[in-house]
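# Architecture and fold: a report
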Amino acid sequence: MTTAVSDRASARQGAVPAQVNEHVRKWVDECIQLCQPDRVVWCDGGKAETDRFYEQAVAEGVLVKLNQQKLPGCYLHRSNQNDVARSEHLTFICTPSQDMVGPTNNWMEPKAAYAKLKTLFDGCMKGRTMYVVPFVMGPIGSPLAKVGVEITDSLYVVLNMGIMTRMGEVAWKQLGDDDDFTRCLHSVGDVNPDRRYICHFPLDNTIWSFGSGYGGNALLGKKCLALRIASWLGKQQNWMAEHMLLMGAQKPDGEKTYVAAAFPSACGKTNFAMLIPPKKYQQDGWKITTVGDDIAWIWVNEDGLVRAINPEAGYFGVVPGTNYESNPNAMECMKRNTIYTNVALLPDGDLWWEGKTKEPPKEAIDWTGQPWTPDCGRKSSHPNSRFTAPAINNPVLDPAWDDPRGVPVQAIIFGGRRSKTIPLVFQAFNWVHGVYLGATLGSETTAAASGAVGVVRRDPMAMLPFIGYNIRDYLVHWFRMRKLMNDCPRIFHVNWFRKDDKGRFLWPGFGENMRVLEWIIERAHGRAYAKETVLGWMPRPQDIHLDGLSIGAKDFESIQSVDVEEFKAEILSQEELFLKLAGDLPKEMVFQREILIARL
Ligand code: OXD
Ligand code: MN
């Protein structure tokens, strides 16, 4: 019986590439037996294969080919309308004890989870093709690079993985004879939210995702591997997987500083990572370069220096609001070889989305496939519509973005979307205080996750949906990592989103954030002045270049102001996190809060 099943499985397997090792073969065989696909395609990641897949995706209606004169190599995908964001409530970490995942994760016992999902995966690929997608997260040869293999029945996922990871034969080479790869099993199933589960098994280095084709739920190298599984591995192996962009900033005298920044989803990480400095800075010779826009893997090298890589090879960025003013580099990135998801299609095969141009087009087909006009009362594009573009399209890609040794990190920035209370910028007094600031980070929710938008929630290190284990242990890990460092990166807090009583932004944001970044860099090198305040070190108006802005010293002071009463309320609202962690809170967190209350 077993032999017969296994024979059938190997018949469907087709030609297994010679480099594929025994461990992978065995696992793929098991998945074939479970999912029962009609065909199995082993992806090689080559150009001929990619061209073939795009053609097939168009023929199958998965993608729409766009105007190839205007947008060469670009395609549009319209997702199922119930499948447009990460499904946090359907995301589980499966470990023997619930304590391992802590109060911020959904938990399932692994046996029960496998049993439940097996009933969903059972025969789910009958009549479909199973694609075997080998990939590497991180520059090839990096000490932190990780191999994954994703099995999926979605061509959209295959093509996105081809952009977002180092996909194909290179992964078999990196893996060699090893069993050390993340086993990622994915099926879109019937895209039914009632039959949707994203389950992580950190002890088995395994991810099973069923019922969604959305990026964060389905491109399993990204949030699932590079954050949830990787954060767990990092805890065991003394490194960190963080929801951070990585950027380089080169001063006119050639000095280069690398900065990592954690902002929650859809709070401008991509914009900040691709920032174009104001004219004056450009004339003076400042240059900003991107290493990554979403995820950083951070370690401490033999010399006690902090280094980081971007595990990804592309960008999965939010489209609405992106234009040649807000982020010209992102616009350049998505001009070619890009997959767009859930934006509006114009009659000439070009695209439009809210905020692309001031004047809307006269007509379009909206993201749901319906005719759209500017006065129809609906948005043309989904608020969480996305572009998937290769990193190599980025005009300001950092030369070291693919360097296996990573880049040195000298400053870490935490930031949230807060219309009130939180000043534009301040620096933590020290590492422990900085970790406290990161841990108590609050942000108004966005469309990147399903659920209400605009509610302040605590989002520790912008990692709330991505910490793959108990947040108590995660915070302890942050505190402990300091011990490995000779000299630690300086930690800062920013808020680009503070508003006045009339709801107008107090700070212009985008490229002008360069002014704040300059102060951060100067502080990281121990140069710029700062005054001591209850919250931390703050620039005075004369410490930030405000020339060319319609923001005077008084305005700057109000952007930086701390209202003691508001802040007391802020501390109370942090209770949400403290209560969740009751009894389990690292003592450093309790002390930091007590000191802050005393200062206020
Ligand atoms: C993302 C997210 O897609 O954070 O990067 O949701
Ligand atoms: Mn993200």
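Residues numbered from 1 in each chain as written. Chains lettered and ligands numbered in written order. Predicted model: local features only at pLDDT ≥ 70, side-chain atom pairs only at ≥ 80, totals over all residues. Heavy atoms only, no water.

It is worth spelling out the overall build of the protein chain at this point. For the protein chain, the helix and strand inventory stands at 18 helices and 32 strands. A compact globule built from 600 residues would reach a C-alpha radius of gyration of about 25 Å, and the protein chain, at 24 Å, matches this within 12%. Across the 600 residues that make up the protein chain, the buried fraction comes to 60%. The contacts of the protein chain with a sequence gap of at least 6 include a subset with a gap of at least 24, amounting to 72%. A total accessible area of about 23200 Å² is found for the protein chain, and carbon and sulfur atoms account for 51% of it. The average position of the 67 basic charges and that of the 69 acidic charges among the side chains of the protein chain differ by 2 Å. (Helix = DSSP H or I, 4+ residues; strand = E, 2+ residues; numbered from the N terminus. Rg over C-alpha atoms; globule rule 2.2 N^0.38 Å. Buried < 20%, exposed > 50% of the residue type's maximum accessible area, 1.4 Å probe, protein only. Contact = heavy atoms within 4.5 Å. Areas by Shrake-Rupley, 256 points an atom, 1.4 Å probe, with all protein chains shown as cover. Lys, Arg positive; Asp, Glu negative; His and termini not counted. Charge placed at Lys NZ, Arg CZ, Asp CG, Glu CD.)

What follows covers the coordination of the manganese ion (ligand 2). Protein coordination at the manganese ion (ligand 2): the donors are Lys223 (NZ), His243 (NE2) and Asp294 (OD), at 2.1 to 2.2 Å from the metal. We note that the donor set of the manganese ion (ligand 2) lies within a single chain, spaced as K-x19-H-x50-D. Note that Lys223 is positioned in helix H8 (residues 221-237) and His243 in the loop between strand S12 (240-242) and strand S13 (245-250), a separation of 20 residues in sequence. For the pair Lys223 and His243, a shared accessibility class is recorded, and that class is buried. (Donors = N, O, S within 2.8 Å, 3.2 Å for Na, K, Ca; no water.)

Before going further, it helps to examine the site of ligand 1. For ligand 1, the full set of nearby residues is Arg86, Lys222, Lys223, His243, Ser265, Asp294, Phe316, Arg386, Ala448 and Phe466. At 2.9 Å, a side-chain N or O of Lys223 approaches an oxygen atom of ligand 1. Contacts to ligand 1 include Arg386, whose side-chain N or O atom sits 3.0 Å from an oxygen atom. When grouped by side-chain class, the residues that make up the shell around ligand 1 number three nonpolar, two polar and five charged. The residues that make up the shell around ligand 1 include at least three from each of domain 1 (2-42 + 85-237) and domain 2 (242-310 + 401-599). (Near = heavy atom within 4 Å. Polar contact = N/O pair within 3.5 Å; in protein donor to acceptor, adjacent residues only side chain to side chain. Nonpolar A, V, L, I, M, F, W, Y, C, P; charged D, E, K, R; others polar. Domains from an automatic or database assignment.)

For the rest of this paragraph, the subject is the confidence of the model for the protein chain. Model confidence for the protein chain is summarised by a mean pLDDT of 95, while 98% of its residues fall at 70 or above. Every residue in residues 1-6 scores below 50 in pLDDT, and together they form three contacts with partners more than four places removed in sequence or on other chains. (pLDDT = per-residue confidence, 0-100.)

The next thing to look at is the side chain of Glu49. Looking at the element boundaries, Glu49 is found in helix H3 (residues 47-59). Comment: no salt bridge for buried Glu49; closest opposite-charge side chain is Arg52, at 4.8 Å. Those residues in contact with Glu49 that lie beyond four places of it in its chain are Trp42, Cys43, Asp44 and Met167. (Salt bridge = Lys/Arg side-chain N within 4 Å of Asp/Glu carboxyl O.)

Turning to the domain arrangement of the protein chain, a few remarks are in order. Each assigned domain of the protein chain is listed with its residue range as follows: domain 1 (2-42 + 85-237), domain 2 (242-310 + 401-599) and domain 3 (315-393). Summarising the inter-unit geometry, the C-alpha centres of domain 1 and domain 2 are found 33 Å apart. Facing 37 residues of domain 1, the contacting portion of domain 2 comprises 34 residues. Buried surface at the junction of domain 1 and domain 2, summed over both partners, amounts to about 2900 Å²; 57% is from carbon and sulfur atoms. Here domain 1 is connected to domain 2 by five salt bridges. Its salt-bridge partner being Asp294, residue Lys223 comes within 2.7 Å of it at the nearest N-O pair. Summed over the shared surface of domain 1 and domain 2, the result is 17 residue pairs in polar contact (both at pLDDT 80 or more). Per-element accounting of the side of domain 1 that touches domain 2 gives the leading share, eleven residues, to H8. Among the residues making up the side of domain 1 that touches domain 2, the classes are represented as 18 nonpolar, ten polar and nine charged. (Buried area = accessible area lost by both parts, 1.4 Å probe.)

Turning our attention to helix H12 (residues 431-439). With eight of its nine residues buried, H12 lies for the most part within the structure. Listed in full, the buried residues belonging to H12 are Trp431, His433, Gly434, Val435, Tyr436, Leu437, Gly438 and Ala439. On its buried face, H12 sits against strand S26 (411-415), strand S27 (425-427), helix H13 (471-484), strand S30 (490-494), helix H17 (575-580) and helix H18 (587-599). If you check the start of H12, you find a side-chain oxygen 3.3 Å away from the backbone N of Val432, and it comes from Asn430.

Reading across from one edge, S2-S3-S19-S24-S18 is the order of the five strands in this open sheet, with mixed pairing throughout. The open sheet is flanked by strand S2 (64-65) and strand S18 (314-318), the only strands paired with a single partner. Taken together, the three bridges between strand S19 (residues 339-341) and strand S24 (residues 386-390) define a ladder with antiparallel strand orientation. From the neighbouring strand, Ile339 faces S24, where its bridge partner is Thr388. (Pairing = 2+ DSSP bridges.)

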